[in-house]
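# Per-entry structural report
Letter by letter, the chains look like this.
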Amino acid sequence: MYSASDLRKGLRIEIDGVPYIITEFNFVKPGKGASIYNCKLKNLINGSTLNKSYRSNDKFDEPRIEDRKMRYSYNDGTNYVFIDDNYEQLEITPGVLGNSRFFLNEDMPVDVLIFNGQAIGVDLPTFVEKAIIETEPGARGNTATNVLKPATIEGGYEIHVPLFINQGDIVKIDTRTGEYSDRARVARNA
Amino acid sequence: MSANYQCEGAPSAADLSRFRPMLEFRSRLLAATRDFFCRRGYLEVSTPLVVPTPALEQHIDAQPVGGAYLRTSPELHMKRLLAAGCDKIFQIGPCFRRGEFGSVHNPEFCMLEWYRTGADYRDVLAETRSLLLALAESVLGRSWFDCRGQRVDLAGDWQQLTVTSAFACAGWDPVVCFDAERFERDLLQRVEPRLPRDRAVALMDYPVQLAALAACREGPPPVAERWELYLAGLELANAFTELTDPVEQRRRFETCARERRADGRPVYPLDLEFLAALERGLPRCAGVALGLDRLLMLLAGALDLDAVLPFRAAGSSW
């Protein structure tokens, strides 16, 4: 059981039997008044979001989510196959993975979230490396990081990258935002 | 999307080294604050951090520590010094409030608190204006700052807005007919968003139910001589003409204890030493409590406390 003062970004709570994660959190306490905890919550089953305000006396159930340590193995043409240390496999559909599926690399360690015996998503490492498969040619010498252009990574996911990034470069992506973070390596034949 | 929103861990040495300019800025701000008060004949005091009887307030919770509590404010001890003949005192030091953690709250924060005898809440509002002007001039070399998308000129008009007039937009007057829940809701949703952000605003003359340790002025309608200062929409300081009546003070503590018990919150023992000091006689006085970390944020143009505190609490209870 959580109380309102436990609420923070990243905490999972259960509302009416549904697991949610707090994606934005804001504490307010006007004057010498009561504490108010404003939360933006994401439904971990269907991805929908809602805003809620809570008070000090509110209590929350902790969703019984198992974080199962697994590694990404391969895509069988439709589903994504994960494997644990005992070689037990688990298939997860693209619908459940959402955008996370674009950030998987072979052998990547992930936490598979299991709720009521069902996989409901995966927790990825915060940063993942991905190759750029398509982007406009880079402006050599342009090291500005505030001007961005579209680029596509393996799997077809589009991000925005600085002008100096070229096709074939490996970039770091922040999986919390799904956005470009850094250049990891320059393309070998650039 | 990934469900990984884990909080960042402890700051690395590289993170900390980035705070160097902010630490220097803070150090200059503290030095300028001490200079301001010392020039005006104030005595800097230190009062205990660990206290057996934190002040009873309905919505402020103290952190227990070894059979006592960490102070939520230095108010009661400072008033005992006033009653003992210290007529102008100030203190800079940490205060601790359990469960207060957010972008502009940290459960441990730095409070500047000062008291002066023979003054009321209007006198200390004028003094607060002088203080903030002097601090801005000292650390920034100018009277204005940009913060939260807003330029605030401290040398401009300071707007004094009564609670009655501020709540006109909500269609009722909390001073005449008080409703705690409605007050909080409307303050947050209607009043605060409409406060001017380009100048300092003092919201003043509170309902007597929200007086805490403030003196009340006879009506009709009676009001608490209290103000809250907002800069760029951020609540920065709270001030009272202090309540000096021991009977009324005891009654308020007891009412507050009952309310806290009903809310299922811990009830702290009455501070009998403080009440005894009021009985011996606390002269007419006024005081201000100002959040120095928030002032630092404002003057530095920072959006939240993360930018000014190198060591942030990990959550609402350390």
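Relevant structure appears above.
Residues numbered from 1 in each chain as written. Chains lettered and ligands numbered in written order. Predicted model: local features only at pLDDT ≥ 70, side-chain atom pairs only at ≥ 80, totals over all residues. Heavy atoms only, no water.

### A word on the side chain of Asp111(A)
Residue and element names in this part refer to chain A. Mapped onto the fold, Asp-111 is located in strand β10 (residues 109-115). A polar contact of 2.9 Å, which involves the side chain of Asp-111, links it to the side chain of Lys-69. Beyond its immediate stretch of four places on either side in the chain, Asp-111 contacts Asp-67, Arg-68, Lys-69, Gly-121, Val-122 and Asp-123. (Helix = DSSP H or I, 4+ residues; strand = E, 2+ residues; numbered from the N terminus. Polar contact = N/O pair within 3.5 Å; in protein donor to acceptor, adjacent residues only side chain to side chain. Contact = heavy atoms within 4.5 Å.)

### Overview of the sheet that holds strand β4 (residues 36-43) of chain A
Hydrogen bonding along the main chain pairs the strands of a sheet, whether they run parallel or antiparallel. All names here are of chain A. An order of β2-β3-β4-β5 is seen for the 4 strands of this open sheet, with the pairing classed as antiparallel. The open sheet has two edge strands with one neighbour each: β2 (12-15) and β5 (49-55). When the angles between neighbouring strand axes are averaged without regard to direction, this sheet yields 40°. The pairing of strand β3 (residues 18-28) with β4 spans 8 bridges and is classified as antiparallel. Pairing of Glu-24 across the sheet is with Lys-40, part of β4. (Pairing = 2+ DSSP bridges. Axes fitted to C-alpha atoms, helices over the stretch in contact; angles between N-to-C directions.)

### With respect to the state of the cysteines
Residue and element names in this part refer to chain B. By the definition in use, this model includes 0 disulfides over all chains. Here Cys-38 is not disulfide-linked; the sulfur of Cys-86 is the nearest cysteine sulfur, at 14 Å. For Cys-38, a relative accessible area of 46% corresponds to the partly exposed category. Lacking any disulfide linkage, Cys-256 is separated from the closest cysteine sulfur, that of Cys-216, by 14 Å. Accessibility expressed as a relative area gives 8% for Cys-256, which makes it buried. (Disulfide = S-S within 2.5 Å. Buried < 20%, exposed > 50% of the residue type's maximum accessible area, 1.4 Å probe, protein only.)

### What to know about the pattern of salt bridges
Side chains bearing opposite charge may pair, as long as their charged atoms lie close to each other. Under the counting rule described, the total for this entry stands at 33 salt bridges over all chains. Between Arg185(A) and Glu129(A) there is a salt bridge whose closest N-O contact spans 3.1 Å. Here the residue Arg185(A) occupies a position in strand β16 (residues 179-185), and Glu129(A) occupies one in strand β12 (residues 127-135), the gap between them amounting to 56 residues. A salt bridge links Arg20(B) to Glu24(B); the nearest nitrogen and oxygen atoms lie 2.7 Å apart. Within this pair, Arg20(B) and its partner Glu24(B) are both found in helix α2 (residues 20-39), separated by 4 residues, close to a single helical turn. Judged by relative accessible area, Glu24(B) falls into the partly exposed class, the value being 39%. Salt bridges sharing partners connect three or more residues here, namely Arg12(A), Asp67(A) and Asp123(A). (Salt bridge = Lys/Arg side-chain N within 4 Å of Asp/Glu carboxyl O.)

### A few points about the interface of chain A and chain B
Taken residue by residue, the interface counts 37 residues in chain A and 30 residues in chain B. The three residues of chain A that bury the most area against chain B are Phe27(A), Lys32(A) and Arg176(A), which together make up 26% of that side's buried surface. Taken together, chain A and chain B are joined by 3 salt bridges. Joining chain A to chain B, the criterion identifies 6 residue pairs in polar contact (both at pLDDT 80 or more). (Buried area = accessible area lost by both parts, 1.4 Å probe.)

### Regarding the packing of aromatic side chains
Enumeration according to the criterion identifies 16 aromatic pairs over all chains in this entry. Here the aromatic rings of Phe36(B) and Phe37(B) are separated by 5.1 Å at their centres, their planes lie at 85°, and the arrangement is edge-to-face. The pair Phe36(B) / Phe37(B) is uniform in exposure class, with both members buried. An aromatic cluster is built from Phe36(B), Phe37(B), Tyr42(B), Phe90(B) and Trp114(B), whose rings are joined through pairwise contacts. Over the ring of Phe127(A) we find Lys172(A); its NZ or CZ atom is 5.8 Å from the centre of that ring. One Lys or Arg, Arg226(B), reaches over the ring of Tyr206(B) and ends 4.1 Å from the middle of that ring. (Phe/Tyr/Trp six-rings, centres within 6.5 Å; stacked < 30°, edge-to-face > 60°. Lys NZ or Arg CZ within 6 Å of the ring centre and 35° of its normal.)

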